[in-house]
Amino acid sequence: MSLLDVIVIGAGPTGSYLAYKLADAGYEVLVLEREEELGKKTCCTGIIGRECVNSFPVDEQAIIRWVNSASIFSPSGKPFRVFREENQACVVDRTAFDLAMAEQAQGRGAQYRFGSQVRDIKIGDSEVAVEVNQQGEESIHKARVAVVAAGFASRLTEKLGTGMLGDFVMGAQTEVSTRDFDEVEVYFGRKIAPGFFAWLVPTTSGKALAGLLSRRSPGIYLGKLLNSLLDKGKIVSADGELSYGGIPLKPLARTYGERLVVVGDAAGQVKPTTGGGVYYGLLCADIAANTLKMALKTDDLSAKSLSRYERGWKKKIGRELRVGYWSRKLYERLTDRQVDRIFDIMKSSGIDRALLEAKELSFDWHSDILLRLLGYRAVAKAADVLKTPFY
Ligand SMILES: Cc1cc2nc3c(=O)[nH]c(=O)nc-3n(C[C@H](O)[C@H](O)[C@H](O)COP(=O)(O)OP(=O)(O)OC[C@H]3O[C@@H](n4cnc5c(N)ncnc54)[C@H](O)[C@@H]3O)c2cc1C
């Protein structure tokens, strides 16, 4: 068997994008995907920012609708409407999105094997040996370097010594039927999604995705959310299948090794504020592809050489992950009364308008707007952070 250049484990967006970039540069790439069909088991709302669409080859056919506003509800139901003239984000069909990404990589020459579960990766001095189970048949594929893009809490990273995810949350979601419902809604409150939030996101006509994040019992909270949405007449039925997924809130301790790179959810490259991981995963896959191109060219796939990747992605999103995680922990401590109070202060003092007009307000980059919000003394006081060392 000939030695491949790169084996990518996982054909989610980050794995396929990386495969596309490396195959495009002329490297021999094999993508191994556990599932027989792409995107079918993915639990994702599919909201990605305009910046992501502009920066990456997102297939227009996968875009269901564009979004330029959202209504955010405080625990007691007070609304705060976020609105911009231009579209800020879109909702993609994750199955179509993942398929299109894989097709683009295949179009550049990347090979895909579906139904191929990677069991183990053995790192040698001059190659990596990837052990695969395909419908009960065991096989080994060899390459110069391996990329783990296997999604949330992959056991492979633990085995390879890059550490475990430090913190995570579970998400639950289902498709619902709606009537005259056209705007994204986000709900806060300990009884709705303790420490996190819930959403109702319109997709195709008469359909929406209802979901939430929670550290415990996401299915039970989702059941309650659906009942409340039915009572309020926001949805007319909720008979879709429930899906669950984990979301990392902190990155891995280390995202590279000898002949090894870890990207996307597997590396914990996700916005800790919202749990959105597609854009940050793609940004990091891009940095990984550039590092790998150089390392393959100079045939230096040592950990030292690949550490450039980690420096690169930390430079790009490290601050966002740190400030986002800190803010997330802060939010988790707040009572419903405190959150309501912050909503009131924002409205009565015009902070809401100032934030809406602020140049820092961005769908994908949250640290500046969060720090600006906490810069208002009244908000910081209500959030009880005035005495923290950070403040
Ligand atoms: C409820 C919920 C809602 C979300 N909504 C959004 C959203 O609106 N916007 C957003 O940006 N993000 C959202 N996310 C997060 C988003 O889904 C992930 O960040 C994104 O899918 C990560 O992409 P990835 O390529 O790193 O991993 P994945 O998409 O998880 O792909 C990993 C692939 O690896 C395969 N795999 C795993 N193990 C193996 C193995 N051993 N061998 C071979 N193949 C393997 C899997 O089958 C999978 O296809 C949401 C997550 C949840 C749970």
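Residues numbered from 1 in each chain as written. Predicted model: local features only at pLDDT ≥ 70, side-chain atom pairs only at ≥ 80, totals over all residues.

Caption draft 1: Representation of the overall build of the protein chain within the structure. From N to C terminus, the protein chain includes 11 helices and 19 strands. Taking 2.2 N^0.38 as the reference for a compact globule, 391 residues should give roughly 21 Å; the C-alpha atoms of the protein chain span a radius of gyration of 22 Å, in line with that estimate. Along the first, second and third principal axes, the C-alpha set of the protein chain runs to 70 × 50 × 35 Å. Sequence-distant contacts, at least 24 apart, represent 69% of the contacts inside the protein chain between residues at least 6 apart. (Helix = DSSP H or I, 4+ residues; strand = E, 2+ residues; numbered from the N terminus. Rg over C-alpha atoms; globule rule 2.2 N^0.38 Å. Contact = placed C-beta atoms within 7 Å.)

Caption draft 2: Structural view of the site of the ligand. Around the ligand, 41 residues are found, and the nearest of them are Gly 10, Gly 12, Gly 151, Gly 264 and Gly 277. Counting residues per element, the ones that place at least two in the shell around the ligand are helix 1 (13-24), strand 3 (47-49), strand 9 (116-123), strand 12 (168-178), strand 17 (243-248) and helix 6 (278-297). The class makeup of the residues in the shell around the ligand is 18 nonpolar, 19 polar and 4 charged. Mapping the shell around the ligand onto the domain boundaries places at least three of its residues in each of domain 1 (4-45 + 94-166 + 250-318) and domain 2 (168-247). (Near = placed C-beta within 6 Å. Nonpolar A, V, L, I, M, F, W, Y, C, P; charged D, E, K, R; others polar. Domains from an automatic or database assignment.)

Caption draft 3: Structural context of the packing of helix 1 against helix 3 (residues 94-107). In contact at an axis separation of 8 Å, helix 1 and helix 3 are set at 20° when each is read in the N-to-C sense. The angle between the axes of helix 1 and helix 3 places the two elements in the roughly parallel class. Between helix 1 and helix 3 the crossing geometry is left-handed. In this structure, helix 1 uses Pro 13, Ser 16, Tyr 17, Ala 19, Tyr 20 and Ala 23 to contact helix 3, whose residues at the interface are Phe 97, Asp 98, Met 101, Ala 102, Gln 104 and Ala 105. Looking at the contact of helix 1 with helix 3 residue by residue, the classes come out as 9 nonpolar, 2 polar and 1 charged. (Axes fitted to C-alpha atoms, helices over the stretch in contact; angles between N-to-C directions. Parallel < 35°, antiparallel > 145°, perpendicular 65-115°, else oblique. Left-handed = near helix turned anticlockwise from the far one by under 90°.)

Caption draft 4: Main features of the pairing of strand 10 (residues 128-134). Where strand 9 lies against strand 10, 7 bridges are found, and the strand directions are antiparallel. Each bridged residue has a counterpart across the sheet, and for Ile 123 the counterpart in strand 10 is Val 128. Counted between consecutive antiparallel strands, the loop separating strand 9 from strand 10 contains 4 residues. Taken together, the 7 bridges between strand 10 and strand 11 (residues 137-148) define a ladder with antiparallel strand orientation. Directly across from Gln 134, in strand 11, lies its bridge partner Glu 137. The hairpin turn running from strand 10 into strand 11, its antiparallel successor, is 2 residues long, and Gln 135 in that turn takes a positive phi close to 50°. (Pairing = 2+ DSSP bridges.)

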